[in-house]
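Coordinate analysis (summary)
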Amino acid sequence: MTKDDSVAMMKMLPGDEVRQIMWRYADRFDMQMAVMGARSVARGLIARLVANGERNTHEWTDAKNEMYKAFDESGVTAAGLDMEFGGIIEGPRNLALALIAFELAWVDGGATTTSLVNNLALGPIIEKGTPEQREKYMRASAPAQPGEERKTWRGAFALTEPLPYVGVDTGVLSGRLTVAEWKDGEEPMLQVEKRGRFITNMGVADFVTAAVDTADPRIKSSCMVILEEGDEGVYDRGAPTLKLVHQLSNTHDPIFNLRIPASRIIGGYTVKDGVIVPNITHSEIIEAVFARTRVTVGVMTAAKLLSAVEPVIRYQRQRFRGASGIEAGSPRYDLGLQMKEDALHRLADVWATGEAATSLGFETARWFDLLTPVETEAHRIFEAQGVKGRAILKALRQPQADAIELLGLLKQPEAARDNARIDALRADPLVQYVWLSAVCNVLCPACKLWDTGHGATMLREAVSLMGGYGITEDCPGFLCQKWADAQLEATYEGPEAVQRRQISVTMHNEVFLAQLDTWLAELNAAKPETGAAALAAGLELWRWTRAWAAAAKDANGRPLAQNTRHGVLFPMADAISWLLAARAFLDDIRELADKGAGHPVIGEELDGYVNTFTDLSAVQSARAAGEAARICAEIFYGYSADADSETQAAFQRLHTAVGTSLAGSRLAKDRAAKAITQIMIPEALDYPL
């Protein structure tokens, strides 16, 4: 660690040029335009709605409804659609939707949900719908063009129901599907009974994708169906949900009792022996949809954290201005609370957390963009071969072994690699499918868990840094509202327990562990002072503890790796999430350092950005490694009373390595704190109070 006080530091908070490189969309003009469109709406109309008190009512007002028009005109609505049906983003669009969510959530989480929920409603149709369903509902949801005389449809997604512990188990349904009429030679007519709970966009929805279970022996299984406002029967939007947060989204508890044609079963159906057999169950559809949409929710909370940095800096510096005896140009006038190390260190923690959370979210979105076309091809191969159900697992055994081999080859130094074999393995779509799926199946719940869970905790820290001002309605940056909104985002699409449960299963995948080894090799080759040494030590300890727990038993003879041992597996899920977030941030800094040198705008300022980001990375990596070490120590020592001396020595060696890897991390925090005192900010926020 250098002690040179002349080392370059960040002079201004990063702008688009820096972020486009870090988040890998510098070469995507379509995504840049989508970002600018979302930003114009967020820092214009949405900011005014919040400032004018529109969050203070549960009702869906005319002013709130103006958001839909703004989303249509800015391109936000079309960003989630296929190009052929009115979309604006070429290819997979997970990153684009995450970027839009980031821009909108910079100002308000409820408004973000309003923009994204149509994509959630369309999700089952886009992921699993028939070609006819996909075309009809995407075209209907595309903003009307000049000269078109039609209404732009809005959608809602009705999964949850008024059941105890709603949202914890998406396999529990009370929605009923029966055959209403089935004439010979004609399409069956179905009766849908569904009571929704906490259904966003229901105040305006023209169509609803709803999960229902069979209540008729002539229908084989659960499924999802499409309901339209004009269907025969009851389409009752219900009363507004009395939320304390996300007031710029409309949420209701609807009641449906509708008659629909069987062609509205998402994914279609077949008839076998007089029984309607949905091609896809509701749980299969939910798995495909939630695998992606949880990422944007994580990014929403991450955006709130980064949006807090500038308002806190402004508050800290101006804290004493205007007081008697505080003269312009004096340290107390210029720096205010930033004369105190505590205020700076706590803000550095908030900033570092926001960077890591955002990096993890966008990295996960990019992995899904890689997976999407491969997944489509894999499903095409399975269908052509007639491989279904559990037979798919058998068909993927060799691709899984090949994926592990590929990752082992990629871990080797470039000069020693068998490039011909690597190319052959990369060309196999099933190998790619196994590889990318294994990584996404951990990154997605880790992003949702860590970004919204720990993110909400750190938003509380950001609010506290504003003093009493932080809990007022006119707090700059709407920080108190954002902190409150984060509590809801932590429960969206499954609360923490759901995410921990998925990680506790998928983190044992041998392909994911092989990817982890590849990341470890990269970290060990990086400069240790960047935080790479701490992350490598933390990952080594986590990997060892996971393997030990997989074979260990407690003093009562119960295996620690049982699915029900949440006290073991869930903390390990937390630990890997901490480490993955910090690693994603470090990877983004490396990308900036590699690609930013020749940038015409960043240019000479590159070293300052990289240096300050690196210090923040060292801070976050130290915290992540420390959390992982604490969790691993609690599990190992808490359950290993009978462990032999060799096993204890192995753990102690790895645990000690984490401690020594933190060398210099507090000096990095000191430098980050100093940089915060020197960063120039505008006189006022770029959106109204």
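Residues numbered from 1 in each chain as written. Predicted model: local features only at pLDDT ≥ 70, side-chain atom pairs only at ≥ 80, totals over all residues. Heavy atoms only, no water.

Moving on, we get to the pairing of strand 3 (residues 189–195). Sheet topology note: the strand 2 (residues 176–181)/strand 3 ladder contains five bridges and is antiparallel. Across the sheet, V179 pairs through a bridge with L190, a residue of strand 3. By the bridge criterion, seven bridges tie strand 3 to strand 9 (residues 255–261) in an arrangement that is antiparallel. Across the sheet, residue R195 finds its bridge partner in strand 9, namely I255. (Pairing = 2+ DSSP bridges. Helix = DSSP H or I, 4+ residues; strand = E, 2+ residues; numbered from the N terminus.)

Now for the pattern of salt bridges. Overall, the coordinates contain 47 salt bridges when judged by the stated rule. In this structure, R28 engages D30 in a salt bridge whose closest nitrogen and oxygen atoms are separated by 2.8 Å. Overall, the relative accessible area of 17% leaves D30 in the buried class. Linked by salt bridges that have partners in common, R24, R366, D587, D588, R590, E591 and K595 make up one network. (Salt bridge = Lys/Arg side-chain N within 4 Å of Asp/Glu carboxyl O. Buried < 20%, exposed > 50% of the residue type's maximum accessible area, 1.4 Å probe, protein only.)

All right, on to the layout of surface pockets then. Empty space left among the atoms is revealed by rolling a probe the size of a water molecule over them. There is about 650 Å³ of room inside the second largest pocket. Looking at the lining of the second largest pocket, the elements that each hand over two or more residues are helix 1 (16–22), helix 2 (29–51), helix 4 (94–105), helix 7 (282–318) and helix 9 (341–385). With five residues, helix 7 is the largest single contributor of residues to the lining of the second largest pocket. (1 Å grid on protein atoms, 1.4 Å probe; cavity = no way out; pocket = protein on both sides within 12 Å on 5 of 7 lines; lining within 4 Å. Points joined across faces, edges and corners; volume = space filled by probe spheres on them.)

Time to look at the nonpolar core. With 171 residues, the main nonpolar core has I46, M67, W435, W542, L592 and F613 as its most contacted residues. With 21 residues, helix 13 (residues 429–464) is the single largest residue contributor to this core. When near neighbours in sequence (up to four residues on either side) are disregarded, F613 contacts M10, P14, V18, R19, M22, E355, F585, I589 and L592. Counting 24 residues, the second-largest nonpolar core is a separate cluster that includes L120, A121, L122 and M138. (Core = buried A, V, L, I, M, F, W, Y, C linked by side-chain atoms within 4.5 Å. Contact = heavy atoms within 4.5 Å.)

Bringing the environment of R366 into the picture now. When you line up the elements, R366 lands in helix 9. On the basis of relative accessible area, R366 is assigned to the buried category, the value being 15%. The spacing of R366 and G386 is 20 residues in sequence and 31 Å in space, taken between C-alpha atoms. Residues in contact with R366, not counting those within four places in the same chain, are M22, W23, R24, L95 and D588.

A few words on the environment of R421. Mapped onto the secondary structure, R421 falls in helix 12 (residues 419–426). Sequence separation between R421 and A144 is 277 residues; the distance between their C-alpha atoms is 50 Å. When residues no more than four places from it in sequence are discounted, the contact partners of R421 are D402, E405 and L409.

To continue, consider the packing of helix 4 against helix 5 (residues 109–128). Close contact between helix 4 and helix 5 brings their axes to 9 Å; oriented N to C, the two are set at 160°. The angle between the axes of helix 4 and helix 5 places the two elements in the roughly antiparallel class. On helix 5, the residues that touch L97, A101, L104 and A105 of helix 4 are T112, S115, L116 and N119. Here the residues of the contact of helix 4 with helix 5 are counted per class, giving five nonpolar, three polar and no charged. (Axes fitted to C-alpha atoms, helices over the stretch in contact; angles between N-to-C directions. Parallel < 35°, antiparallel > 145°, perpendicular 65-115°, else oblique. Nonpolar A, V, L, I, M, F, W, Y, C, P; charged D, E, K, R; others polar.)

This part is about empty space enclosed by the protein. Scanning the entire structure with this criterion turns up three cavities of 30 Å³ or more. In this structure, the largest cavity occupies an estimated 70 Å³ of space. Along the walls of the largest cavity sit Y68, F71, V76, T77, T114, S115, N118, R154 and N201, which together make up its complete lining. Residue assignment for the lining of the largest cavity shows that the elements contributing at least two residues are helix 3 (62–74) and helix 5. Per element, the largest residue contribution to the lining of the largest cavity is three residues, and it comes from helix 5. Taken together, the residues of the lining of the largest cavity break down into three nonpolar, five polar and one charged.

Between the first and last C-alpha of helix 9 there are 65 Å, a value that for 45 residues agrees with the 66 Å anticipated at 1.5 Å per step. The largest bend along helix 9 reaches roughly 30° and is located at L371, with the proline P373 sitting one to four residues downstream. Phi turns positive one or two residues past the end of helix 9, at G386, with a value near 70°. (Expected span 1.5 Å × (residues − 1). Bend = angle between axes of the 7 residues up to and from the residue.)

Averaged over all residues, the pLDDT of the protein chain is 93; the fraction at 70 or higher stands at 97%. Contacts of residues 163–168 to residues separated by more than four positions or lying in other chains number ten contacts, the stretch itself having pLDDT below 50. (pLDDT = per-residue confidence, 0-100.)

In this section: the packing of aromatic side chains. Throughout the structure, instances matching the rule amount to 22 aromatic pairs. An angle of 55° between the planes, with centres 4.8 Å apart, marks the rings of W23 and F362 as tilted. Highlighted residues: W23 in the loop between helix 1 and helix 2 and F362 in helix 9, separated in sequence by 339 residues. Classification of F362 by relative accessible area gives buried; the value is 0%. A connected cluster of aromatic rings, assembled from ring pairs, spans W544, W548, F636, Y637 and F651. Its end group placed over the ring of Y333, R321 keeps NZ or CZ at 4.6 Å from the ring centre. (Phe/Tyr/Trp six-rings, centres within 6.5 Å; stacked < 30°, edge-to-face > 60°. Lys NZ or Arg CZ within 6 Å of the ring centre and 35° of its normal.)

Following both chains from N to C, one finds helix 4 and helix 9 inclined at 155°, their axes separated by 7 Å at the closest point. In terms of axis orientation, helix 4 runs roughly antiparallel to helix 9. Touching N94, L95, A98, L99 and F102 of helix 4 are T358, F362, A365, R366, F368, D369 and T372, all from helix 9. Among the residues making up the contact of helix 4 with helix 9, the classes are represented as seven nonpolar, three polar and two charged.

All right, on to unusual backbone geometry then. Despite not being glycine, N201 has its phi angle at roughly 80°, a positive value. Along the chain, the position of N201 falls in the loop between strand 4 (199–200) and strand 5 (207–214). Take N201: its relative accessible area is 1%, and that puts it in the buried class. Backbone geometry places F478, a non-glycine residue, at a positive phi of 55°. Secondary-structure assignment places F478 in the loop between helix 13 and helix 14 (479–489). The class for F478 is buried, based on a relative accessible area of 2%.

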